[in-house]
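What follows is each chain in one-letter form.
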Amino acid sequence: MAGGCSGETAKHITESFKASDLIITPATTFKEKPDPSGLVFGTVFTDNMLTIEWSLASGWEKPYIKPLENLSLHPASSSLHYAIELFEGMKAYRGVDGKIRLFRPTLNMDRMARSAKRATLPCFDQNELLECIRKLVEVEKEWVPYSTAASLYIRPTLVGTEPSLGVKKPTKALLYVILSPVGPYFASGSFNPISLWADPKYVRAWKGGTGDCKLGGNYGSSIYAQQEALELGCQQVLWLYGEDHQITEVGTMNLFLYWINEDGENELATPPLDGIILPGVTRQSILDLARNWEEFKVSERYITMSDLTAALEESRVKEMFGAGTACVVCPISKILYKGKHLHIPTMENGPQLTTRFLNKLSDIQYGREDSDWAVLVS
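Basis of the calculations
- Once a new chain begins, its residue numbering starts again from 1 and follows that chain's sequence as written.
- For this predicted model, a pLDDT threshold of at least 70 governs which residues receive local features, and a threshold of 80 or more governs which side-chain atom pairs are given and counted, while totals over whole chains, interfaces and linings are taken from all residues.
- Just so you know, side-chain values use all the structure's heavy atoms and leave hydrogens and water out.
- Only DSSP runs of H or I reaching four residues or more are called helices, and only runs of E reaching two or more are called strands; each is numbered from the N terminus.
- Each radius of gyration reported is based on C-alpha atoms, and the globular scaling rule is 2.2 Å times the count of residues to the power 0.38.
- Only protein chains enter the accessibility calculation, which uses a 1.4 Å probe; a residue whose area is less than 20% of its type maximum is buried, one above 50% is exposed, and one in between is partly exposed.
- Between two residues, a contact is recorded if the distance between any of their heavy atoms is within 4.5 Å.
- Exposure was quantified through the Shrake-Rupley algorithm and a 1.4 Å probe, taking into account, for residues, occlusion by the shown protein chains and nothing else.
- What counts as an axis is a line fitted to C-alpha atoms, over the stretch in contact for a helix, and the angles between N-to-C directions run from 0 to 180 degrees.
- Oblique is the label for any angle not under 35 degrees, not over 145, and not in the 65 to 115 range, which are roughly parallel, roughly antiparallel and roughly perpendicular in turn.
- Put simply, Ala, Val, Leu, Ile, Met, Phe, Trp, Tyr, Cys and Pro go in the nonpolar bin, Asp, Glu, Lys and Arg in the charged bin, and everything else, Gly too, in the polar bin.
- With a 1 Å grid spanning the protein atoms alone, the term cavity applies to any set of points in which a 1.4 Å probe fits but cannot get out, the term pocket to an open set with protein on both sides within 12 Å along at least five of seven lines, and the term lining residue to any residue with an atom within 4 Å of a point.
- Grid points are joined across faces, edges and corners, and a volume is the space filled by probe spheres set on the points.
- Here the arc refers to the directions that run from the helix axis out to each C-beta atom.
- Criterion for a salt bridge: a side-chain nitrogen of Lys or Arg within 4 Å of a carboxyl oxygen of Asp or Glu.
- Pairing between strands requires that DSSP locate at least two bridges from one strand to the other.
- Stacked, tilted and edge-to-face pairs are distinguished by plane angle, under 30 degrees for stacked and over 60 for edge-to-face with tilted covering the rest, among Phe, Tyr and Trp rings (Trp via its six-membered ring) whose centres lie within 6.5 Å.
- Only when the NZ of Lys or the CZ of Arg is both within 6 Å of the ring centre and within 35 degrees of the ring normal is a charge said to sit over the ring.

### Quick look at the overall build of the protein chain
1) Next: Within the protein chain, the secondary structure is distributed over 8 helices and 19 strands.
2) Next: Taken over the C-alpha trace, the protein chain has a radius of gyration of 21 Å; the compact-globule value for 378 residues is 21 Å, and the two agree within 12%.
3) Next: Dimensions along the principal axes, computed over C-alpha positions, put the protein chain at roughly 65 × 50 × 40 Å.
4) Next: Taken over 378 residues, the protein chain has a buried fraction of 53%.
5) Next: Considering only residue pairs separated by 6 or more positions, the protein chain has 72% of its internal contacts joining residues 24 or more positions apart.
6) Next: Carbon and sulfur atoms provide 52% of the accessible area of the protein chain, an area that totals close to 17000 Å².

Structure, rendered in structure tokens:
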């Protein structure tokens, strides 16, 4: 329930907030809703937010839904100095039937609890937070775009707020959730394949680190490499790891390769969750779907750049794509590696499988297909 957090708390301390204690004092003035087709990711926010305070002394306070406002933080707050913070990314979708759905939100709650534990931030009951988020989306339901090419992005965040420069577990924290309507990930509304820069000089994550948690520090430290990729004419970084140049993630997405493997089998492969890979919700969903189809081998396995280059030379690569909440799936057409442009024939192959995953997941998210992965908000 509490994400495996230690339970050495005295009984008078509130171990988790409760959605039934939610105090709702919503905004009385409303911003104009934007046109979903012109949205830039994460720049427009809804009228209200959810906030829940925590302290070591008294545990969790009551949750509040209140007008979106600036935070008031002490300049010594631990999140500002030592990146003691984490976040989640999920979406609410307005279906073709007008109903609003969340997609596998318990996976986000589980991951958030794991991140909290790793960041020494307080645990909470995941079901209670999910119910608070559901209530917030209900309050803001008119902000969920009336479009099957847009959605309402949900950003739960947990930050250390202790006013101390000591490098230690914080005794104060703030959990908050903000909402942002987002348009289609691809501006043209169609599949635009991306080009990647693969260079081992920058590493996204390492064994024993925090790469498997959604901590802001993982993202802030990746921007420098991303800038270099752009300067070299590529759109994203293909993150490599180790002496053998293992392929790990692409930008902020998980990575999939559909190919004929070394044994001549059709295989969908993605790197295993060995501590340096973020356990993505879209990643898990693609694996679950593919295993359910039973049409080709599905593997969580290591893939190196030499595996990939050999397969390209032997024309064994069919499709390669990134997967994440923002874009669902994102086809890959080119990799710049050791000064050479490697052509990935994703688009020449349809891309049949990439498109199939996109359509299947979109059908569930927008209510065209019934699934227990979709949780109704209203």
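### Focus on the packing of helix α6 (residues 281-293) against helix α8 (residues 352-365)
1) Next: At a closest axis distance of 11 Å, the pairing of α6 and α8 adopts a crossing angle of 105°. Relative to α8, α6 is oriented roughly perpendicular. Packed against α6, whose contacting residues are Thr-282, Ser-285, Ile-286, Leu-289, Ala-290 and Trp-293, the element α8 presents Leu-353, Arg-356, Phe-357, Lys-360 and Leu-361 at the interface.
2) Next: For the contact of α6 with α8, the residue count by class is 7 nonpolar, 2 polar and 2 charged.

### Regarding the layout of surface pockets
1) Next: Looking at the largest pocket, its volume works out to about 920 Å³.
2) Next: As for the largest pocket, its lining consists of 40 residues, of which Phe-41, Tyr-185, Thr-252, Ala-326 and Cys-327 are closest to the centre.
3) Next: If you list the elements that add at least two residues to the lining of the largest pocket, you get β8 (151-160), α4 (216-220), α5 (223-231), β11 (236-241), β12 (246-250), β13 (253-260), α6 and β16 (317-324).
4) Next: Among the elements that make up the lining of the largest pocket, the one with the highest residue count is β11 (3 residues).

### Describing helix α7 (residues 305-313)
1) Next: Within the sequence span of α7, burial applies to Met-305, Leu-308, Ala-311 and Leu-312. End-on view of α7: buried residues confined to an arc of 130°, all on one side of the axis.
2) Next: Structurally, α7 contributes buried residues whose contacts are with β11, β12, β13, β16, β17 (328-337) and β18 (340-343).
3) Next: Looking one or two places after α7, you find Ser-315, whose phi comes out positive at around 55°.

### Considerations on the pattern of salt bridges
1) Next: The final tally for this structure, using the stated rule, is 20 salt bridges.
2) Next: Each of the salt bridges in this network shares a partner with another, and the network as a whole consists of Glu-131, Arg-134, Lys-135 and Glu-138.

### Description of the pairing of β11
1) Next: The element β11 is extensively covered by neighbouring structure, given that 6 of its 6 residues are classed as buried.
2) Next: Of the strand pairs in this sheet, strand β10 (residues 194-198) and β11 are connected by 3 bridges, and their pairing is parallel. Its bridge partner lying in β11, Ala-198 is registered against Leu-238.
3) Next: Joining the antiparallel neighbours β11 and β12 is a turn of 4 residues, in which Gly-242 adopts a positive phi near 85°.

### Considerations on empty space enclosed by the protein
1) Next: The tally for this structure, following the rule as stated, stands at 3 cavities of 30 Å³ or more.
2) Next: Considered as a void within the structure, the largest cavity measures approximately 100 Å³ in volume.
3) Next: Lining the largest cavity are Gly-89, Met-90, Lys-91, Tyr-93, Phe-103, Asn-108, Val-281, Thr-282, Gly-324, Thr-325, Val-328 and Gln-365.
4) Next: Listing elements by their share of the lining of the largest cavity, those giving two or more residues are β6 (90-94) and α6.
5) Next: Ranked by the residues each element gives to the lining of the largest cavity, the list is headed by β6, at 3 residues.
6) Next: Per-class residue counts for the lining of the largest cavity are 5 nonpolar, 6 polar and 1 charged.
7) Next: Within this model, the second largest cavity holds a volume of roughly 60 Å³.
8) Next: As for the second largest cavity, its lining consists of Arg-204, Asn-218, Tyr-219, Ser-222, Glu-249, Gly-251, Thr-252 and Leu-278.

### Let's talk about the packing of aromatic side chains
Two aromatic rings are characterised by how far apart their centres lie and by the angle between their planes.
1) Next: The tally for this structure, following the rule as stated, stands at 12 aromatic pairs.
2) Next: Ring centres 6.3 Å apart and planes at 20° place the aromatic pair Phe-17 and Phe-124 in the stacked group. On the criterion of sequence distance, the pair formed by Phe-17 in the segment before β1 (23-24) and Phe-124 in the loop between α2 (105-118) and α3 (126-139) is long-range, its members being 107 residues apart. Assigned by exposure class, Phe-17 and Phe-124 land together as buried.
3) Next: Note on Phe-321 and Phe-357: the rings are 6.0 Å apart at their centroids and 45° apart in plane angle, and the pair reads as tilted. Separated by 36 residues along the polypeptide, Phe-321 in strand β16 and Phe-357 in helix α8 bring together distant segments of the chain. For the pair Phe-321 and Phe-357, a shared accessibility class is recorded, and that class is buried.
4) Next: Here a set of aromatic residues connected by ring pairs shows up, and it is made of Phe-256, Trp-293, Phe-321 and Phe-357.
5) Next: One Lys or Arg, Arg-94, reaches over the ring of Tyr-146 and ends 3.7 Å from the middle of that ring.

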